[in-house]
Amino acid sequence: ASEDPALMAQAHDTMAFAPFARPCGLAEAARGIVKSHLAAALELYRLLGDEGGGARTSWSLAISAAGSHRLYEARELAMESLEAARSVGDQYQVGWSLHTLGQAEIALGDIEAARRHILESFEIWVSAGDVSGQTLLLLDAAIVARARGLEACSWKLVGAGDRLRLATGTGLGVYTVE
């Protein structure tokens, strides 16, 4: 076993994603394993003063919290990730943190905050040419439009997102109507 905190942080960060390799989804027991590895990684990144590692790990914890329907925790962790990513100038992580924050805010009913964060993330990913990210954000924007009563706009955004999804072949962003 290594005593190097940086190697241990990376190992915990990597191990957190091992359960995702299963094709049938992530069971609640596996979510606990993920959370424990990510929490250990975050603690080590903080010890090392590695804000970039902390930003990525806080974002991963936000995803884990959202997957377990702990939406307030997901929002707090996404905000923590966003602040750390901004502090180190990691625009890619800023975009992902904003996307995740916007999704948590949609689920919590804070549609105006979600709109602002999704728009900012979209601007970052457009400037970076990240079409896969744009696909996800168009669908996020469709949900915001629908929540604001803008059905026609929502369906146009779904169509634009679906067109990008098909063009990229990533399979990201399949929209379902509930």
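In this report, the structure presented in the accompanying data block is examined.

Quick notes on the rules
Residues numbered from 1 in each chain as written. Predicted model: local features only at pLDDT ≥ 70, side-chain atom pairs only at ≥ 80, totals over all residues. Heavy atoms only, no water. Helix = DSSP H or I, 4+ residues; strand = E, 2+ residues; numbered from the N terminus. Buried < 20%, exposed > 50% of the residue type's maximum accessible area, 1.4 Å probe, protein only. Contact = heavy atoms within 4.5 Å. Phe/Tyr/Trp six-rings, centres within 6.5 Å; stacked < 30°, edge-to-face > 60°. Axes fitted to C-alpha atoms, helices over the stretch in contact; angles between N-to-C directions. Parallel < 35°, antiparallel > 145°, perpendicular 65-115°, else oblique. Left-handed = near helix turned anticlockwise from the far one by under 90°. Nonpolar A, V, L, I, M, F, W, Y, C, P; charged D, E, K, R; others polar. Core = buried A, V, L, I, M, F, W, Y, C linked by side-chain atoms within 4.5 Å. Salt bridge = Lys/Arg side-chain N within 4 Å of Asp/Glu carboxyl O.

**So, the overall build of the protein**
So, step 1. When helices and strands are counted, the protein shows 8 helices and 0 strands.
So, step 2. Reading the protein from its N end, one meets helices and strands in the order α-α-α-α-α-α-α-α.
So, step 3. Considering the protein as a whole, with its 178 residues, one finds that 42% of them fall into the buried category.
So, step 4. Long-range contacts, defined as pairs at least 24 residues apart, comprise 50% of the intrachain contacts of the protein with a sequence gap of at least 6.

**Let's talk about the packing of aromatic side chains**
So, step 1. Applying the stated rule across the entire model yields 3 aromatic pairs.
So, step 2. Their ring planes at 55° and their centres at 5.6 Å tell us that Trp59 and Trp96 sit as a pair that is tilted. Here Trp59, found in helix α3 (residues 51–67), pairs with Trp96, found in helix α5 (residues 91–108); they are 37 residues apart in sequence, far enough to count as distant.
So, step 3. Seen from their ring centres, Tyr92 and Trp96 are 6.5 Å apart, and the 70° between their planes marks the pair as edge-to-face. Here Tyr92 pairs with Trp96, and both are found in helix α5, just 4 residues apart, close to one helical turn.
So, step 4. Among the residues examined, Tyr92 registers a relative accessible area of 51% and is labelled exposed.
So, step 5. Cluster of aromatic residues (ring-pair linked, three or more members): Trp59, Tyr92, Trp96 and Trp125.

**What about the packing of helix α6 (residues 111–128) against helix α7 (residues 131–147)?**
So, step 1. Where α6 meets α7, the axes come as close as 10 Å, and the angle between the chain directions of the two elements is 155°. Classified by the angle their axes make, α6 and α7 are roughly antiparallel. As α6 runs across α7, the sense of the crossing is left-handed. Contacts between α6 and α7 pair Ile111, Ala114, Arg115, Ile118, Ser121, Phe122, Trp125 and Val126 from the former with Gly133, Gln134, Leu137, Leu138, Asp140, Ala141, Val144 and Ala147 from the latter.
So, step 2. Taken together, the residues of the contact of α6 with α7 break down into 11 nonpolar, 3 polar and 2 charged.

**Some words on the nonpolar core**
So, step 1. Counting residues in hydrophobic clusters, the biggest one holds 28 residues, and the most contacted among them are Val94, Ile118 and Val144.
So, step 2. Not counting the four nearest positions on each side in its chain, Val144 is found in contact with Ile106, Ile111, Ala114, Arg115 and Ile118.
So, step 3. Leu139, Ala142, Ala145 and Val158 belong to the second largest nonpolar core, which has 6 residues in total.

**Quick look at the pattern of salt bridges**
So, step 1. Counted according to the given criterion, the structure contains 7 salt bridges.
So, step 2. The closest approach of N and O atoms between Arg86 and Glu120, which form a salt bridge, is 2.9 Å. Residue Arg86 is located in helix α4 (residues 71–88), and its partner Glu120 is located in helix α6; the two are separated by 34 residues in the primary sequence.
So, step 3. Glu112 is the partner of Arg115 in a salt bridge, and the nearest nitrogen-oxygen pair spans 2.6 Å. Note that Arg115 and Glu112 are positioned in helix α6 at a spacing of 3 residues, about one turn of the helix.
So, step 4. Accessibility expressed as a relative area gives 28% for Arg115, which makes it partly exposed.
So, step 5. On the accessibility criterion, Glu112 (35% relative accessible area) is partly exposed.
So, step 6. The network of salt bridges with common partners includes Lys35, Arg70 and Glu73.

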